[in-house]
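Listed below, chain by chain, are the residues.
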Amino acid sequence: MPNTDFDAVIIGSGPNGLAAAILLQQQGLKVLIVEGKNHIGGGMRSAELTLPGFIHDICSAVHPMAAASPFLRNLPLADYGLHYIDPTVLAAHPLDGGTAAALYKDITQTAETLNIDKQYYADFVEPLVASWPDIVQDILSPLGFPKHPRKYLRFGLQAALPASLFSKRFKGKELKALFAGMAAHSLLDFNQLTTSAIALVLTMAGHHSGWPIVRGGSQQLAQSMAAYFCALGGKIETGIWIKSLEQLPKTRAIFFDTSPKQLLEIAGHRLTPLYKKQLNRYRYGAGLFKIDWALDGPVPFIAESCRQAGTVHIGNTFEEIAHAEKLVSQGKHAEKPFVLFAQQSLFDPSRAPIGKQVAWGYCHVPNGSTRDMSEQIESQIERYAPGFRDLILARSLTNTEDLENYNPNYIGGDVNGGALDLRQLFTRPALRFSPYRTSAKGLYICSASTPPGGGVHGMGGFHAAKCALKDIFHIAL
């Protein structure tokens, strides 16, 4: 650990930690990032998990929120090695019988896959997508007065609804299914308020900015952010697990790109009893069971749009997906789970040897579950891609325990940094005027456990750094 002084120290190098560090360094401050692992990135890491030459994304794989992020999209990351690749189809959703709904960047192309709801979808989505540039900053911010109240209210009134209620306006199974796949990213029972929010955000982001993958693997997004940060004069130390504040050099501000659990373990002695009580009450959401595959060729989906998609949502109808997500919310396992599936090497040949493919997929499980769900996941894929199992050369299995061992922020396998229900959507990790300030001066939390929650967008880090710039360094942005 350097023995020099720093203006700010960031604990953790996930997208939010890197974003906070970049914003602070851009203001001419002296910033240090400390990462426990030997490689930076948090959820943005890639590795040969199965066979040599097959590059798998360990956590995040497809990046609609990175492409849409008001902060990340304005950084010169392309100059530091970042290259986005846009799949032909952003996300496909196969249905029994060989048909599929599909999300394209183009609204009209998407509507063409939605049968009876074709015109309704276009009429409903077009004004929302048109308003996206004006409201995205507020969507990805803590609760406050929006800059464009009328446009934000039009979005917010829809977003607050449970997905189960929102879907009743659709007539056909295609749009209902497409919406269910989007809403399932919330990891919540569809009867919960705000489960429509994530569906609308992912849809709007797709039509505005796409659902890109990163050439070479998600690790390259982390590498480009780190390279830019270092070019600004920042410093990064890896392989140092912080257990105590005493390990850190002298600094005016400390940022925790960690869960509330790690914040308590490292700095609990500096926090007030009330704030510690709030953090101890923080609730974590469902976990994941994940599989990475090395394949002998492309996945033989029946529906053509699935064969051209970067992401495939597998779970059939709205009703079937809603049932699976309800079971998980009740602490049970679904025998026909919703499967989020990605096939990056279809569009990025650097991920696999010539003629081969990689694939990435997971289903939701109760927090802390160690049950092997590989049979259920592969059965769901085989249902829409007969012959899939015959292509498997090797697989890597990851349960919730493995996820938390890999990244201590993933408590019980929760990659969203805590349940994203109404109680914790804007008040994560505690009910405070600013969710980024802890009860101790100079200590901030900037992880996915702060608004706007999980996803690779860096906005939690951006807002926390902006808060500290005003509090500590008297710099208003």
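These notes cover the structure that comes with them. (Residues numbered from 1 in each chain as written. Predicted model: local features only at pLDDT ≥ 70, side-chain atom pairs only at ≥ 80, totals over all residues. Heavy atoms only, no water.)

## Topic: the pattern of salt bridges
Selection rule: Salt-bridge detection follows one rule: a side-chain nitrogen of Lys or Arg within 4 Å of a carboxyl oxygen of Asp or Glu. By definition, any uninterrupted DSSP run of H or I lasting at least four residues is a helix, any uninterrupted run of E lasting at least two residues is a strand, and each is numbered from the N terminus. For every residue, the accessible area (1.4 Å probe, protein chains only) is compared with the maximum for its type, and the residue is labelled buried under 20%, exposed over 50%, or partly exposed between those bounds.
By the definition in use, this model includes 18 salt bridges. Among the salt bridges present, the one from E35 reaches R45, with a minimum N-O distance of 3.1 Å. Here E35, found in strand β2 (residues 31-35), pairs with R45, found in the loop between β2 and β3 (46-47); they are 10 residues apart in sequence, far enough to count as distant. Grouping residues by exposure puts E35 and R45 together as buried.

## Here we look at the sheet that holds strand β11 (residues 287-295)
To keep it simple, the criterion reads: Strand pairing follows a simple DSSP-based rule, namely that at least 2 bridges must link the two strands. Between N-to-C directions, angles cover 0 to 180 degrees, with each direction set by a line fitted to C-alpha atoms, over the stretch in contact for helices. Note on definitions: a residue-residue contact is assigned when non-hydrogen atoms from the two residues lie within 4.5 Å.
An order of β7-β6-β12-β13-β14-β11-β15 is seen for the 7 strands of this open sheet, with the pairing classed as mixed. The open sheet terminates on both sides in strands that have one partner only, identified here as β7 (100-103) and β15 (392-398). Sheet twist, expressed as the mean angle between neighbouring strand axes with direction ignored, is 20 degrees. Pairing geometry for β11 and strand β14 (residues 357-365), over 9 bridges, is antiparallel. Each residue of the ladder has a partner; that of F289, found in β14, is C363. Helix-sheet contacts for helix α14 (residues 374-384) involve β6 (89-94), β11, β12 (309-314), β13 (339-342), β14 and β15, and the interaxial angle to β11 is about 60 degrees.

## Details of the pairing of β6
Counted residue by residue, β6 has 6 buried out of 6 residues, so it is predominantly covered. Looking at chain direction, β6 and β12 are connected through 3 bridges and run parallel. In the strand pairing of β12, A92 is matched with V312. Sheet topology places β6 next to β7; 4 bridges connect them, and they run antiparallel. Within β7, the residue paired with H93 across the bridge is A101. As consecutive antiparallel partners, β6 and β7 are separated by 5 residues, and within that stretch G97 has a phi angle of approximately 105 degrees, a positive value.

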